[in-house]
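Spelled out from the first residue to the last, the chains are:
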Amino acid sequence: ELGITTPKGYDVSFHYNPEMERHHFGQTHPMKPWRLTLTKGLVTAYGMHYTMKNYTARAATYDELTSFHTSDYVDFLATVAPQPTPLDLDGTNSDLKFNLGGSDCPLFEGLYNYCSLSGGASLDAARKLCTKQSDIAIAWGGGLHHAKRSEASGFCYVNDIVIAILQLLRVHKRVLYIDIDVHHGDGVEEAFFSTDRVMTVSFHKYDPMNFFPGTGALEDNGPKSEHNPGAHHAINVPLNDGITDEQYKWLFENVISRCVEKFKPEAIVLQCGADSLAGDRLGKFNLLVQGHGSCVEYCKGLGLPMIIVGGGGYTPKNVARAWAYETAIATNNQSNVAATAEIPLHTPYRKNFEYDSVLLPSIEQILGDARQNRNTQKRLQEIIQHVTEQLRFVSA
Ligand code: ZLV
Ligand code: CA
Ligand code: ZN
(Lines give C-alpha, C1' and ligand atoms only; values in the text may rest on other atoms or scores of the structure.)
(Ligands and ions follow the chains in the order given, each with its own letter.)
Protein backbone atom coordinates (compact mmCIF):
# COMPACT_ATOMS: atom_id res chain seq x y z
CA GLU A 1 0.00 0.00 0.00
CA LEU A 2 1.54 3.28 -1.08
CA GLY A 3 -1.02 5.46 0.65
CA ILE A 4 -2.17 8.85 -0.46
CA THR A 5 0.60 11.33 -1.03
CA THR A 6 0.25 14.99 -1.90
CA PRO A 7 2.13 16.21 -5.00
CA LYS A 8 5.06 17.35 -2.86
CA GLY A 9 5.28 13.93 -1.32
CA TYR A 10 3.90 14.57 2.15
CA ASP A 11 1.67 11.97 3.76
CA VAL A 12 -1.11 13.83 5.50
CA SER A 13 -3.64 12.29 7.88
CA PHE A 14 -6.85 13.83 9.19
CA HIS A 15 -8.12 12.71 12.59
CA TYR A 16 -11.74 13.52 13.23
CA ASN A 17 -14.73 12.15 15.04
CA PRO A 18 -18.19 13.53 14.21
CA GLU A 19 -19.34 12.60 17.72
CA MET A 20 -17.40 15.57 19.13
CA GLU A 21 -19.73 18.15 17.67
CA ARG A 22 -22.75 16.63 19.36
CA HIS A 23 -21.58 18.13 22.66
CA HIS A 24 -22.80 21.51 23.84
CA PHE A 25 -21.22 23.79 26.44
CA GLY A 26 -24.50 25.70 26.76
CA GLN A 27 -26.48 28.29 24.79
CA THR A 28 -24.43 31.36 25.74
CA HIS A 29 -21.01 29.71 25.97
CA PRO A 30 -18.67 30.87 23.16
CA MET A 31 -17.14 27.42 22.53
CA LYS A 32 -19.20 25.71 19.81
CA PRO A 33 -18.02 22.18 18.96
CA TRP A 34 -20.27 22.51 15.92
CA ARG A 35 -17.51 24.53 14.19
CA LEU A 36 -15.82 21.15 13.59
CA THR A 37 -18.79 20.05 11.45
CA LEU A 38 -18.55 23.24 9.45
CA THR A 39 -14.80 22.70 8.95
CA LYS A 40 -15.18 19.08 7.88
CA GLY A 41 -18.00 20.08 5.47
CA LEU A 42 -15.78 22.66 3.80
CA VAL A 43 -12.78 20.32 3.60
CA THR A 44 -14.98 17.72 1.92
CA ALA A 45 -16.69 20.19 -0.42
CA TYR A 46 -13.28 21.15 -1.81
CA GLY A 47 -12.38 17.48 -2.25
CA MET A 48 -9.37 17.67 0.05
CA HIS A 49 -10.28 14.36 1.70
CA TYR A 50 -9.09 12.60 -1.47
CA THR A 51 -5.55 13.82 -0.85
CA MET A 52 -5.11 12.63 2.71
CA LYS A 53 -5.76 9.62 4.93
CA ASN A 54 -8.95 10.02 6.92
CA TYR A 55 -9.24 8.37 10.33
CA THR A 56 -12.17 8.32 12.69
CA ALA A 57 -10.49 9.34 15.92
CA ARG A 58 -11.10 7.05 18.86
CA ALA A 59 -11.59 8.14 22.44
CA ALA A 60 -8.44 8.28 24.57
CA THR A 61 -8.41 5.62 27.28
CA TYR A 62 -8.22 6.28 31.01
CA ASP A 63 -4.53 5.27 31.00
CA GLU A 64 -3.81 7.64 28.14
CA LEU A 65 -5.54 10.53 29.91
CA THR A 66 -3.58 9.83 33.10
CA SER A 67 -0.28 9.92 31.20
CA PHE A 68 -0.56 13.63 32.09
CA HIS A 69 -3.58 14.18 34.31
CA THR A 70 -3.92 12.88 37.88
CA SER A 71 -6.23 9.92 38.39
CA ASP A 72 -8.18 11.95 40.99
CA TYR A 73 -9.02 14.51 38.36
CA VAL A 74 -9.80 12.03 35.58
CA ASP A 75 -11.95 9.94 37.96
CA PHE A 76 -13.90 13.06 38.87
CA LEU A 77 -14.33 14.05 35.20
CA ALA A 78 -15.63 10.55 34.49
CA THR A 79 -18.25 10.64 37.21
CA VAL A 80 -19.54 14.23 37.46
CA ALA A 81 -22.90 14.75 35.89
CA PRO A 82 -24.36 18.11 34.96
CA GLN A 83 -26.29 19.10 38.06
CA PRO A 84 -28.51 22.06 37.45
CA THR A 85 -30.33 22.76 40.68
CA PRO A 86 -33.26 25.14 41.17
CA LEU A 87 -30.72 27.66 42.50
CA ASP A 88 -28.45 27.09 39.55
CA LEU A 89 -30.71 27.30 36.51
CA ASP A 90 -27.94 28.00 34.03
CA GLY A 91 -25.88 24.99 35.13
CA THR A 92 -23.08 27.16 36.45
CA ASN A 93 -22.49 25.42 39.75
CA SER A 94 -19.31 27.18 40.74
CA ASP A 95 -18.39 25.44 44.01
CA LEU A 96 -17.18 22.21 42.48
CA LYS A 97 -13.70 20.73 42.55
CA PHE A 98 -10.90 21.08 39.97
CA ASN A 99 -12.26 24.41 38.68
CA LEU A 100 -15.17 22.53 37.12
CA GLY A 101 -18.72 23.79 36.89
CA GLY A 102 -18.02 27.52 36.64
CA SER A 103 -19.06 29.51 33.59
CA ASP A 104 -15.78 28.95 31.71
CA CYS A 105 -15.69 25.17 32.28
CA PRO A 106 -19.31 24.11 32.73
CA LEU A 107 -20.39 20.55 33.28
CA PHE A 108 -22.40 19.24 30.35
CA GLU A 109 -23.88 16.01 29.07
CA GLY A 110 -21.16 13.71 27.73
CA LEU A 111 -18.29 15.86 29.04
CA TYR A 112 -16.00 12.87 29.62
CA ASN A 113 -16.68 11.55 26.13
CA TYR A 114 -15.95 14.96 24.60
CA CYS A 115 -12.62 15.19 26.47
CA SER A 116 -11.59 11.65 25.53
CA LEU A 117 -12.42 12.23 21.87
CA SER A 118 -10.35 15.40 21.74
CA GLY A 119 -7.47 13.61 23.46
CA GLY A 120 -7.83 10.54 21.24
CA ALA A 121 -7.62 12.56 18.03
CA SER A 122 -4.39 14.32 19.02
CA LEU A 123 -2.90 11.11 20.36
CA ASP A 124 -3.73 9.23 17.15
CA ALA A 125 -2.05 12.06 15.26
CA ALA A 126 1.07 11.70 17.44
CA ARG A 127 1.18 7.94 16.91
CA LYS A 128 1.07 8.40 13.11
CA LEU A 129 4.12 10.64 13.38
CA CYS A 130 5.94 8.19 15.67
CA THR A 131 5.45 5.33 13.21
CA LYS A 132 6.30 7.63 10.29
CA GLN A 133 2.96 6.79 8.65
CA SER A 134 2.23 10.53 8.45
CA ASP A 135 4.42 13.53 7.83
CA ILE A 136 1.62 15.90 8.83
CA ALA A 137 -1.25 14.78 11.06
CA ILE A 138 -4.25 17.08 11.54
CA ALA A 139 -6.60 16.98 14.56
CA TRP A 140 -8.85 20.06 14.58
CA GLY A 141 -10.71 18.75 17.66
CA GLY A 142 -7.56 19.15 19.76
CA GLY A 143 -5.62 22.20 20.87
CA LEU A 144 -7.05 22.61 24.37
CA HIS A 145 -3.96 24.30 25.75
CA HIS A 146 -5.18 25.67 29.13
CA ALA A 147 -5.97 22.36 30.89
CA LYS A 148 -3.67 21.62 33.85
CA ARG A 149 -2.60 18.30 35.35
CA SER A 150 -5.32 18.45 37.95
CA GLU A 151 -7.55 21.34 36.86
CA ALA A 152 -9.81 22.53 34.11
CA SER A 153 -9.23 26.05 32.79
CA GLY A 154 -10.48 28.34 30.03
CA PHE A 155 -12.89 25.97 28.23
CA CYS A 156 -10.24 23.18 28.42
CA TYR A 157 -10.60 20.05 30.56
CA VAL A 158 -8.08 17.61 29.10
CA ASN A 159 -4.78 18.79 27.64
CA ASP A 160 -4.68 16.75 24.43
CA ILE A 161 -1.55 18.66 23.37
CA VAL A 162 0.51 17.62 26.40
CA ILE A 163 -0.67 14.02 25.96
CA ALA A 164 0.32 14.09 22.27
CA ILE A 165 3.74 15.64 23.00
CA LEU A 166 4.44 13.00 25.68
CA GLN A 167 3.79 10.40 22.99
CA LEU A 168 6.09 12.16 20.50
CA LEU A 169 8.87 12.27 23.12
CA ARG A 170 9.03 8.47 23.09
CA VAL A 171 10.54 8.68 19.60
CA HIS A 172 11.65 12.28 19.06
CA LYS A 173 14.47 13.86 21.07
CA ARG A 174 13.13 17.41 20.92
CA VAL A 175 9.65 18.76 20.18
CA LEU A 176 8.86 22.37 19.32
CA TYR A 177 5.38 23.51 20.37
CA ILE A 178 4.01 26.61 18.59
CA ASP A 179 0.74 28.26 19.64
CA ILE A 180 -1.01 30.91 17.50
CA ASP A 181 -4.25 30.96 19.49
CA VAL A 182 -4.96 34.52 20.70
CA HIS A 183 -4.62 33.24 24.29
CA HIS A 184 -1.39 32.24 26.07
CA GLY A 185 -0.69 28.48 25.90
CA ASP A 186 -0.15 28.32 29.67
CA GLY A 187 -1.07 24.66 30.28
CA VAL A 188 1.43 23.33 27.76
CA GLU A 189 4.13 25.75 28.90
CA GLU A 190 3.66 24.71 32.54
CA ALA A 191 3.62 20.97 31.77
CA PHE A 192 7.07 21.11 30.16
CA PHE A 193 8.49 23.78 32.44
CA SER A 194 11.37 21.64 33.67
CA THR A 195 12.53 19.83 30.55
CA ASP A 196 14.82 20.96 27.75
CA ARG A 197 13.26 18.43 25.36
CA VAL A 198 10.24 20.63 24.68
CA MET A 199 10.39 24.28 23.70
CA THR A 200 7.07 26.13 23.86
CA VAL A 201 6.41 29.29 21.85
CA SER A 202 3.14 31.16 22.26
CA PHE A 203 1.96 34.24 20.37
CA HIS A 204 -0.93 35.90 22.20
CA LYS A 205 -2.69 39.02 23.27
CA TYR A 206 -1.15 40.08 26.58
CA ASP A 207 -3.00 42.39 28.92
CA PRO A 208 -2.67 40.77 32.34
CA MET A 209 -5.47 42.68 34.07
CA ASN A 210 -8.04 42.36 31.29
CA PHE A 211 -7.30 39.34 29.14
CA PHE A 212 -7.30 35.65 30.01
CA PRO A 213 -5.17 33.96 31.34
CA GLY A 214 -2.95 36.92 32.18
CA THR A 215 0.35 35.02 31.90
CA GLY A 216 2.92 34.93 29.08
CA ALA A 217 4.97 38.13 29.47
CA LEU A 218 7.97 38.56 27.17
CA GLU A 219 10.32 38.05 30.13
CA ASP A 220 8.73 34.75 31.22
CA ASN A 221 11.04 32.16 29.73
CA GLY A 222 10.75 29.19 32.04
CA PRO A 223 12.30 28.43 35.41
CA LYS A 224 14.66 31.07 36.69
CA SER A 225 17.09 28.54 38.15
CA GLU A 226 19.94 27.83 35.78
CA HIS A 227 20.14 24.33 37.29
CA ASN A 228 16.76 23.55 35.82
CA PRO A 229 17.15 22.23 32.25
CA GLY A 230 13.83 23.87 31.32
CA ALA A 231 15.26 27.38 31.78
CA HIS A 232 14.97 29.54 28.62
CA HIS A 233 12.75 26.96 26.88
CA ALA A 234 9.51 28.92 27.17
CA ILE A 235 9.22 31.68 24.58
CA ASN A 236 6.41 34.23 24.85
CA VAL A 237 5.36 36.75 22.25
CA PRO A 238 2.94 39.21 23.90
CA LEU A 239 0.90 41.29 21.46
CA ASN A 240 -1.71 44.05 21.46
CA ASP A 241 -5.02 44.31 19.62
CA GLY A 242 -5.12 44.91 15.91
CA ILE A 243 -1.98 43.13 14.67
CA THR A 244 -2.00 42.70 10.87
CA ASP A 245 -1.08 39.79 8.59
CA GLU A 246 2.10 41.49 7.46
CA GLN A 247 3.40 42.11 11.00
CA TYR A 248 2.35 38.71 12.31
CA LYS A 249 3.95 36.81 9.44
CA TRP A 250 7.16 38.78 9.81
CA LEU A 251 7.29 38.25 13.57
CA PHE A 252 6.35 34.58 13.32
CA GLU A 253 9.05 33.77 10.78
CA ASN A 254 11.71 35.74 12.65
CA VAL A 255 10.90 34.07 15.97
CA ILE A 256 10.36 30.51 14.70
CA SER A 257 13.40 30.46 12.41
CA ARG A 258 15.61 31.41 15.37
CA CYS A 259 14.01 28.78 17.62
CA VAL A 260 14.46 26.05 15.00
CA GLU A 261 18.06 27.06 14.37
CA LYS A 262 19.05 26.85 18.04
CA PHE A 263 16.75 24.10 19.38
CA LYS A 264 16.83 21.81 16.31
CA PRO A 265 13.48 20.11 16.95
CA GLU A 266 12.74 16.67 15.52
CA ALA A 267 9.00 17.31 15.44
CA ILE A 268 6.60 20.25 15.62
CA VAL A 269 3.18 20.60 17.23
CA LEU A 270 1.35 23.62 15.86
CA GLN A 271 -1.74 24.85 17.74
CA CYS A 272 -3.84 26.87 15.27
CA GLY A 273 -6.41 28.52 17.54
CA ALA A 274 -8.57 30.55 15.16
CA ASP A 275 -9.54 33.20 17.73
CA SER A 276 -6.55 35.18 16.46
CA LEU A 277 -8.53 35.90 13.25
CA ALA A 278 -10.22 39.24 12.56
CA GLY A 279 -13.88 39.16 13.51
CA ASP A 280 -13.53 36.63 16.30
CA ARG A 281 -16.03 36.91 19.14
CA LEU A 282 -13.25 36.95 21.76
CA GLY A 283 -10.08 37.95 19.89
CA LYS A 284 -9.37 41.43 18.50
CA PHE A 285 -6.53 40.92 16.01
CA ASN A 286 -6.76 41.88 12.32
CA LEU A 287 -5.51 38.57 10.90
CA LEU A 288 -7.00 37.21 7.70
CA VAL A 289 -7.19 33.53 6.82
CA GLN A 290 -4.10 34.13 4.64
CA GLY A 291 -1.99 35.55 7.50
CA HIS A 292 -3.06 32.82 9.91
CA GLY A 293 -2.39 30.23 7.22
CA SER A 294 1.04 31.65 6.45
CA CYS A 295 2.17 30.24 9.82
CA VAL A 296 1.13 26.76 8.73
CA GLU A 297 2.85 27.28 5.40
CA TYR A 298 6.06 28.38 7.05
CA CYS A 299 6.09 25.43 9.46
CA LYS A 300 5.36 22.98 6.66
CA GLY A 301 8.31 24.43 4.78
CA LEU A 302 10.63 23.43 7.63
CA GLY A 303 10.12 19.86 6.45
CA LEU A 304 9.78 18.37 9.94
CA PRO A 305 7.10 15.89 11.03
CA MET A 306 4.21 18.00 12.31
CA ILE A 307 0.95 17.70 14.20
CA ILE A 308 -1.60 20.43 13.58
CA VAL A 309 -4.31 20.90 16.22
CA GLY A 310 -7.16 23.39 16.58
CA GLY A 311 -7.87 25.39 19.72
CA GLY A 312 -9.95 28.53 20.23
CA GLY A 313 -12.09 30.14 17.53
CA TYR A 314 -15.45 31.67 18.39
CA THR A 315 -16.92 32.83 15.10
CA PRO A 316 -17.62 29.38 13.62
CA LYS A 317 -17.73 30.35 9.93
CA ASN A 318 -14.31 32.02 10.20
CA VAL A 319 -12.89 29.06 12.08
CA ALA A 320 -14.05 26.72 9.30
CA ARG A 321 -12.56 28.96 6.61
CA ALA A 322 -9.17 29.07 8.31
CA TRP A 323 -8.97 25.39 9.18
CA ALA A 324 -10.13 24.31 5.71
CA TYR A 325 -7.56 26.63 4.11
CA GLU A 326 -4.86 25.26 6.43
CA THR A 327 -5.88 21.69 5.57
CA ALA A 328 -5.39 22.76 1.95
CA ILE A 329 -1.90 24.05 2.73
CA ALA A 330 -0.97 20.77 4.42
CA THR A 331 -2.29 18.71 1.49
CA ASN A 332 -0.92 21.02 -1.19
CA ASN A 333 -4.37 21.96 -2.41
CA GLN A 334 -3.76 25.60 -1.64
CA SER A 335 -3.74 26.94 -5.19
CA ASN A 336 -6.87 24.97 -6.13
CA VAL A 337 -8.64 26.38 -3.11
CA ALA A 338 -7.44 29.95 -3.58
CA ALA A 339 -8.47 29.82 -7.24
CA THR A 340 -11.96 28.75 -6.22
CA ALA A 341 -12.76 31.97 -4.42
CA GLU A 342 -16.42 30.99 -4.09
CA ILE A 343 -17.22 28.41 -1.47
CA PRO A 344 -18.57 25.43 -3.49
CA LEU A 345 -22.33 25.43 -3.91
CA HIS A 346 -22.69 21.92 -2.53
CA THR A 347 -20.98 22.80 0.78
CA PRO A 348 -23.25 21.71 3.60
CA TYR A 349 -24.39 24.70 5.66
CA ARG A 350 -23.11 27.02 2.90
CA LYS A 351 -25.57 29.67 4.04
CA ASN A 352 -23.48 30.04 7.20
CA PHE A 353 -20.59 31.56 5.32
CA GLU A 354 -22.03 35.01 4.45
CA TYR A 355 -19.75 37.60 2.79
CA ASP A 356 -20.87 36.35 -0.65
CA SER A 357 -19.63 32.92 0.38
CA VAL A 358 -15.97 33.53 -0.40
CA LEU A 359 -13.27 31.44 1.27
CA LEU A 360 -10.85 34.32 1.77
CA PRO A 361 -12.82 37.43 2.76
CA SER A 362 -11.06 40.80 3.03
CA ILE A 363 -10.83 42.76 6.26
CA GLU A 364 -13.57 45.09 4.96
CA GLN A 365 -15.85 42.13 4.30
CA ILE A 366 -15.27 40.82 7.79
CA LEU A 367 -15.20 43.96 9.93
CA GLY A 368 -16.30 46.85 7.74
CA ASP A 369 -13.24 48.66 9.06
CA ALA A 370 -10.01 47.18 10.46
CA ARG A 371 -9.45 47.55 14.20
CA GLN A 372 -6.87 50.01 15.29
CA ASN A 373 -3.45 48.37 15.27
CA ARG A 374 -1.85 48.84 18.69
CA ASN A 375 1.44 47.10 17.80
CA THR A 376 4.34 49.34 16.88
CA GLN A 377 7.18 48.11 14.72
CA LYS A 378 9.55 49.21 17.49
CA ARG A 379 7.90 46.87 19.98
CA LEU A 380 8.04 43.97 17.52
CA GLN A 381 11.78 44.61 17.09
CA GLU A 382 12.20 44.51 20.87
CA ILE A 383 10.43 41.17 20.97
CA ILE A 384 12.78 39.67 18.38
CA GLN A 385 15.73 41.12 20.25
CA HIS A 386 14.62 39.56 23.53
CA VAL A 387 13.90 36.17 21.92
CA THR A 388 17.32 36.18 20.26
CA GLU A 389 18.97 36.85 23.63
CA GLN A 390 17.05 34.04 25.35
CA LEU A 391 18.05 31.63 22.62
CA ARG A 392 21.73 32.22 23.33
CA PHE A 393 21.22 29.87 26.29
CA VAL A 394 19.60 27.17 24.17
CA SER A 395 21.37 24.44 22.25
CA ALA A 396 20.39 21.12 20.77
O1 ZLV B 1 -9.36 29.79 23.16
O2 ZLV B 1 -16.99 33.14 29.71
O3 ZLV B 1 -11.89 35.60 31.38
C4 ZLV B 1 -8.61 27.65 23.94
C5 ZLV B 1 -8.86 29.13 24.28
O6 ZLV B 1 -7.59 29.68 24.53
C7 ZLV B 1 -12.13 34.49 31.80
N8 ZLV B 1 -12.23 33.46 31.01
C9 ZLV B 1 -12.33 34.16 33.25
C10 ZLV B 1 -11.37 34.80 34.18
C11 ZLV B 1 -12.52 35.42 34.89
N12 ZLV B 1 -13.36 34.77 33.96
C13 ZLV B 1 -14.57 35.26 33.57
C14 ZLV B 1 -15.57 34.20 33.50
C15 ZLV B 1 -16.20 34.23 32.18
C16 ZLV B 1 -17.34 33.32 32.10
C17 ZLV B 1 -17.76 32.80 30.78
C18 ZLV B 1 -17.48 33.80 28.64
C19 ZLV B 1 -18.84 33.82 28.36
C20 ZLV B 1 -19.31 34.51 27.28
C21 ZLV B 1 -18.42 35.19 26.50
C22 ZLV B 1 -17.06 35.16 26.76
C23 ZLV B 1 -16.59 34.46 27.85
C24 ZLV B 1 -15.16 34.45 28.11
N25 ZLV B 1 -14.46 33.75 29.01
C26 ZLV B 1 -14.25 35.21 27.43
N27 ZLV B 1 -13.03 34.95 27.91
C28 ZLV B 1 -13.16 34.05 28.85
C29 ZLV B 1 -12.01 33.51 29.59
C30 ZLV B 1 -11.61 32.14 29.10
C31 ZLV B 1 -11.05 32.13 27.72
C32 ZLV B 1 -10.68 30.74 27.28
C33 ZLV B 1 -10.02 30.68 25.92
C34 ZLV B 1 -9.81 29.27 25.47
C35 ZLV B 1 -9.80 26.85 23.61
CA1 CA C 1 -1.11 31.57 21.80
ZN1 ZN D 1 -7.97 31.13 22.63
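Keep in mind it's a predicted model, so treat the numbers as computed, not measured.

A. Fine view of the overall build of the chain. Summing up its helical and strand segments, the chain has 12 helices and eight strands in all. Taken against the 2.2 N^0.38 rule, which gives 21 Å for 396 residues, the C-alpha radius of gyration of the chain at 20 Å falls within 12% of a compact globule. Expressed as a percentage of its 396 residues, the buried residues of the chain come to 59%. The long-range share in the chain, meaning contacts at least 24 apart out of those at least 6 apart in sequence, stands at 77%. Accessible area of the chain: about 15900 Å², with a carbon and sulfur share of 51%. Each charge class in the chain was averaged separately, 35 positive and 44 negative side chains, and the resulting centres sit 4 Å apart.

B. Representation of the packing of aromatic side chains. In total, this model carries 15 aromatic pairs according to the counting rule given. Centroid distance F203 to Y248: 5.7 Å. Interplanar angle 45°. Geometry classified as tilted. Taken as a pair, F203 in strand 5 (residues 198–205) and Y248 in helix 7 (residues 245–263) lie far apart in primary sequence, 45 residues in all. Each residue in the set F203, Y248, F252, F285 and Y298 is aromatic and connected to the rest through ring pairs, giving one cluster. The side chain of K205 reaches across the aromatic face of F211, ending 5.3 Å from its centre.

C. Fine view of the coordination of the calcium ion (ligand 2). With distances of 2.4 to 3.0 Å, the protein atoms coordinating the calcium ion (ligand 2) are D179 (O), D179 (OD), D181 (O), H183 (O), S202 (OG) and F203 (O). The coordination sphere of the calcium ion (ligand 2) comprises six donor atoms, whose angles at the metal cover 69 to 167°; the geometry is irregular. Coordination of the calcium ion (ligand 2) draws on donor residues from a single chain, spaced D-x1-D-x1-H-x18-S-F in sequence. Residue H183 is classed as buried on the basis of its relative accessible area of 6%.

D. Structural view of the site of ligand 1. Ligand 1 sits among 18 residues. The nearest are D104, H145, H146, D275 and Y314. The side chain of H146 places a nitrogen or oxygen atom 2.7 Å from an oxygen atom of ligand 1. At a separation of 3.1 Å, an oxygen atom of ligand 1 approaches a polar side-chain atom of H183. In isolation ligand 1 exposes 710 Å². Once the protein is present, 67% of that is buried. Here the shell around ligand 1 is built from residues that sort into seven nonpolar, seven polar and four charged.

E. Molecular detail of the sheet that holds strand 3 (residues 136–139). Reading across the sheet, the eight strands line up as 2-1-3-8-7-4-5-6 and stay open at both edges, with parallel pairing between neighbours. The strands lining the two open edges of the sheet, one partner per strand, are strand 2 (53–56) and strand 6 (234–239). Along the sheet, successive strands turn relative to each other by an average axial angle of 15°, direction set aside. Relative to strand 6, strand 5 runs parallel, the two sharing six bridges. The partner of S202 across the bridge, within strand 6, is N236. Against the sheet, helix 7 makes contact with strand 4 (175–179), strand 5 and strand 6, and its axis sits at roughly 170° relative to strand 5, the strand it touches most.

F. Quick peek at helix 12 (residues 377–391). The terminal C-alpha atoms of helix 12, which comprises 15 residues, lie 21 Å apart, in line with the 21 Å expected from a rise of 1.5 Å per residue. Inspection of helix 12 places L380, I383, I384, H386, V387, Q390 and L391 among the buried residues, and these make up the whole buried set. Buried positions in helix 12, seen along its axis, are confined to an arc of 160° and lie on one side of it.

G. Expanded view of helix 4 (residues 111–130). Taking 1.5 Å of rise per residue, the 20 residues of helix 4 would be expected to cover 28 Å, and the 29 Å separating its terminal C-alpha atoms lies within 8% of that figure. Extensive coverage of helix 4 is indicated by the burial of 17 of its 20 residues.

H. Local environment of the side chain of S118. Following the sequence through the fold, S118 ends up in helix 4. Overall, the relative accessible area of 1% leaves S118 in the buried class.

I. How the structure looks around the coordination of the zinc ion (ligand 3). Taken together, the protein ligands of the zinc ion (ligand 3) are D181 (OD), H183 (ND1) and D275 (OD), with distances of 1.9 to 2.0 Å. Read in sequence order, the donor residues for the zinc ion (ligand 3) give the motif D-x1-H-x91-D. Linking H183 in the loop between strand 4 and helix 6 (186–191) with D275 in the loop between strand 7 (267–271) and helix 8 (289–301), this pair joins segments that are 92 residues apart in sequence. By the burial criterion, H183 is buried, and D275 matches it.

J. Region of the structure containing the confidence of the model for the chain. When pLDDT is averaged along the chain, the result is 94; 95% of the residues meet or exceed 70. Taken together, the chains of this predicted complex give a pTM of 0.96 and an interface ipTM of 0.97.

K. The arrangement of the pattern of salt bridges in detail. According to the stated counting rule, one finds 11 salt bridges in the structure shown. The residue E64 makes a salt bridge to R58 at a minimum N-O spacing of 3.1 Å. Residue classification places E64 among the buried positions, given a relative accessible area of 14%. Among the ionic pairs, E253 bridges to K249, the shortest N-O distance being 3.2 Å. One end of the pair, E253, and the other, K249, are both in helix 7, four residues apart, so they sit about a helical turn from each other. Residue classification places E253 among the partly exposed positions, given a relative accessible area of 24%. Put simply, R58, E64, D124 and R127 are held in one network by salt bridges that share partners.

L. Examining the nonpolar core more closely. Within the largest apolar cluster, 119 residues are counted, with the highest numbers of intra-cluster contacts made by Y157, I165, F203, L239 and V255. The leading source of residues in this core is helix 4, at 10 residues. Core analysis: the next-biggest nonpolar cluster, separate from the first, contains five residues, A278, Y355, I363 and I366 among them.

Cut-offs applied
- Residues numbered from 1 in each chain as written.
- Chains lettered and ligands numbered in written order.
- Predicted model: local features only at pLDDT ≥ 70, side-chain atom pairs only at ≥ 80, totals over all residues.
- Heavy atoms only, no water.
- Helix = DSSP H or I, 4+ residues; strand = E, 2+ residues; numbered from the N terminus.
- Rg over C-alpha atoms; globule rule 2.2 N^0.38 Å.
- Buried < 20%, exposed > 50% of the residue type's maximum accessible area, 1.4 Å probe, protein only.
- Contact = heavy atoms within 4.5 Å.
- Areas by Shrake-Rupley, 256 points an atom, 1.4 Å probe, with all protein chains shown as cover.
- Lys, Arg positive; Asp, Glu negative; His and termini not counted.
- Charge placed at Lys NZ, Arg CZ, Asp CG, Glu CD.
- Phe/Tyr/Trp six-rings, centres within 6.5 Å; stacked < 30°, edge-to-face > 60°.
- Lys NZ or Arg CZ within 6 Å of the ring centre and 35° of its normal.
- Donors = N, O, S within 2.8 Å, 3.2 Å for Na, K, Ca; no water.
- Tetrahedral: all angles 85-135°; square planar, octahedral: opposite > 155°, others 65-115°.
- Near = heavy atom within 4 Å.
- Polar contact = N/O pair within 3.5 Å; in protein donor to acceptor, adjacent residues only side chain to side chain.
- Nonpolar A, V, L, I, M, F, W, Y, C, P; charged D, E, K, R; others polar.
- Pairing = 2+ DSSP bridges.
- Axes fitted to C-alpha atoms, helices over the stretch in contact; angles between N-to-C directions.
- Expected span 1.5 Å × (residues − 1).
- Arc of directions from axis to C-beta.
- pLDDT = per-residue confidence, 0-100.
- Salt bridge = Lys/Arg side-chain N within 4 Å of Asp/Glu carboxyl O.
- Core = buried A, V, L, I, M, F, W, Y, C linked by side-chain atoms within 4.5 Å.

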